[in-house]
Amino acid sequence: MGTTTQQTDSGGAAAYDPIAKAYAEENATSLLNEYYNRPAIRNLLGDVTGKHVLDAGCGSGPTLVDLIEGGATAVGIDGSQALIDIATDRVGGAAELHVGDLATPLPFGDNTFDDVVCSLALHYLEDWRSPLAEMRRVLKPGGRLILSVEHPLVMWFTQLQAGETTNYFATRQRKVTDMAGQTADLTFWDRSLSTMFQTFFDSGFRITRVEEPAPAPEAVERFPEFFQDREDPRFLAFLFLVLEA
C-alpha cells in the first residue's frame, strides 16, 4: 500500500499549488509534455521490471504511471502538495509518494534505488550540486539518473529573440508569470551546457547517453500544423541525458 509523507518545501515547486489542476490537464495533452518529454523518458528507462525507481519531481505522476505499468516499484517526490494529490488520485496506493523539496536532503537511505528519474525539475534550483549529490547517494552503485532539462541553447536563443541581453554563460534567473493559462509566480534558473556537464561530473556521475529525440510518432498526426513542411520531425526543446553513478 502506498504512503504519503511531507517534507517542508522551501523552493519554487509549491508555487504550482494554485495552478496544479490546469497545469496537469495541459500536460496531459500538450506536444512538449505528453508527446515529447514523456515518451523520451520512457524510452531511456527501458525495461524497469522489478526495479526500485524514484521519480524526483514527479509532478502529477505521468512517469509514475509508466513505471508502475512497466513493473517497477515506484516512489515519487514533489514540492507541490496539490500535484502530489493529483498523482495520488492517479496511481492510488501503487506508489509511495512524498511532498518534499529537492533542494533539501532526500528522505531515503543510501543505495536505495536502481534508477532515479528527474524530469524537467532541476531548472527550479539555482544550485544543482547538493540535489545531484543526494540523488547519487540514494542510487545503488552503478545506478542511473535519467534527466530531462530545458535545452540551454533554446532558452538562450528564445531570450535573444525577445530582445533580452542575456549572458549565455551565466547562471541566471528567469521569472514565469503565466503557466497553463493561469497567473503564476515561478522562478527558473538557466545555465550553459558546459556548466550543466561540469556539475554532473563534479557530483560523481558520468554521462552515458545524450539525446535530442523526435517526438512520439502520433504527435505528427495530433499536431499537423506544427509539423507541416518539416522533413524531420525532430525539434529542439529539451535535452535528455542518462548519468551513471
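Being a predicted model, the structure only gives us computed values, none of them experimental.

### Quick notes on the environment of Ile207
1) Next: The topology assignment puts Ile207 in strand S9 (residues 206-211).
2) Next: For Ile207, the residues in contact, after removing those within four places along its chain, are Phe197, Phe200, Phe201, Leu241, Val242 and Leu243.

### Overview of the packing of aromatic side chains
1) Next: A complete count under the given rule lists 16 aromatic pairs for this structure.
2) Next: Ring geometry for Phe108 versus Phe113: centroids 5.2 Å apart, planes at 85°, classification edge-to-face. For the pair formed by Phe108 and Phe113, the shared burial category is buried.
3) Next: Ring-pair connections join several aromatic residues into one group, and the members of that group are Tyr36, Phe226, Phe227, Phe235, Phe238 and Phe240.
4) Next: The ring of Phe223 carries the charged tip of Arg222 above its face, separated from the ring centre by 5.0 Å.
5) Next: The positively charged end of Arg230 is found above the aromatic ring belonging to Phe226, 4.5 Å away from the centroid.

### Let's talk about the packing of helix H2 (residues 31-45) against helix H3 (residues 62-69)
1) Next: It is at 10 Å that the axes of H2 and H3 come closest, and there the two elements cross at 35°. The two elements H2 and H3 meet at a crossing, and its hand is right-handed. On H3, the residues touching Arg38, Ile41, Arg42 and Leu45 of H2 are Pro62, Thr63, Val65, Asp66 and Leu67.
2) Next: When grouped by side-chain class, the residues that make up the contact of H2 with H3 number 5 nonpolar, 1 polar and 3 charged.

### What about the side chain of Asn27?
1) Next: When you line up the elements, Asn27 lands in helix H1 (residues 20-27).
2) Next: The class of Asn27 is buried, set by a relative accessible area of 12%.
3) Next: Among all residues touching Asn27, those that are not within four sequence positions of it are Asn33 and Glu34.

### With respect to the nonpolar core
1) Next: Residues Leu31, Leu45, Leu64, Leu67, Leu97 and Phe240 are the most contacted members of the largest nonpolar core, which totals 32 residues.
2) Next: Secondary structure elements with two or more residues in this core: H2, H3, helix H4 (81-91), strand S4 (95-99) and strand S10 (238-244).
3) Next: Here the element with the most residues in this core is H2; it accounts for 7 residues.
4) Next: Non-local contacts of Leu64, meaning those with residues more than four positions away in its chain, are made with Asp55, Cys58, Ala74, Val75, Gly76, Ala87, Val91 and Leu97.
5) Next: Counting 27 residues, the second largest nonpolar core, distinct from the first, contains Phe108, Phe113, Leu122 and Leu145.

### Let's talk about the pairing of S4
1) Next: Here S4 lies mainly inside the structure; 4 of its 5 residues are buried.
2) Next: Relative to S4, strand S3 (residues 73-78) is paired through 5 bridges, and the arrangement is parallel. Among the inter-strand pairings, Asp78 is bridged to a residue of S4, identified as Val99.
3) Next: Once the chain exits S3 it traverses H4 before rejoining the sheet at S4, and the crossover so formed is right-handed.

### Quick word on the environment of Ala28
1) Next: By secondary structure assignment, the location of Ala28 is in the loop between H1 and H2.
2) Next: In this structure the C-alpha to C-alpha distance between Ala28 and Asp185, which are 157 residues apart in sequence, comes to 22 Å.

### Points about the pattern of salt bridges
1) Next: Enumeration over the complete set of coordinates arrives at 15 salt bridges.
2) Next: For Arg38, the salt bridge identified is with Asp66, shortest N-O distance 2.8 Å. Residue Arg38 is located in helix H2, and its partner Asp66 is located in helix H3; the two are separated by 28 residues in the primary sequence.
3) Next: Arg38 sits in the buried class, given a relative accessible area of 11%.
4) Next: Linked by salt bridges that have partners in common, Glu34, Arg38, Arg42 and Asp66 make up one network.

Criteria and thresholds
Per chain, the residues get numbers from 1 upward, laid out in the order the sequence is written. Local features in this predicted model are restricted to residues whose pLDDT is 70 or higher, and side-chain atom pairs enter the listing and the counts only when it is 80 or higher, whereas totals over whole chains, interfaces and linings include all residues. Calculated side-chain values reflect all of the structure's heavy atoms, with hydrogen atoms and water omitted. Starting at the N terminus, helices and strands are each numbered in turn, a helix being any DSSP run of H or I of at least four residues and a strand any DSSP run of E of at least two. We call two residues contacting when some pair of their heavy atoms lies within 4.5 Å. Here a Phe, Tyr or Trp ring, Trp counted by its six-membered ring, pairs with any other such ring whose centre lies within 6.5 Å, and the pair is stacked when the planes are under 30 degrees apart, edge-to-face when over 60, and tilted otherwise. Buried means the residue's accessible area, taken with a 1.4 Å probe over protein chains only, is under 20% of the maximum for its type, while exposed means over 50%, and partly exposed covers the values in between. As a reminder, the over-ring test applies to NZ of lysine and CZ of arginine, requiring each to be within 6 Å of the ring centre and within 35 degrees of the ring normal. An axis is simply a line fitted to the C-alpha atoms; with a helix, the fit covers only the stretch in contact. Between two such axes, the angle follows the N-to-C directions and lies from 0 to 180 degrees. Left-handed describes a crossing in which the near helix is turned anticlockwise from the far one by less than a right angle; the clockwise case is right-handed. Residue classes follow a fixed rule: Ala, Val, Leu, Ile, Met, Phe, Trp, Tyr, Cys and Pro count as nonpolar, while Asp, Glu, Lys and Arg count as charged, and any other residue, Gly among them, counts as polar. Here the nonpolar core consists of buried residues drawn from Ala, Val, Leu, Ile, Met, Phe, Trp, Tyr and Cys, with membership extended through side-chain atoms lying within 4.5 Å. Pairing between strands is defined by DSSP: at least two bridges between the two strands are required. A right-handed crossover is one whose linking path, passing over the helix from the first strand to the second, runs clockwise when the strands point away from the viewer. A carboxyl oxygen of Asp or Glu within 4 Å of a side-chain nitrogen of Lys or Arg is what we treat as a salt bridge.

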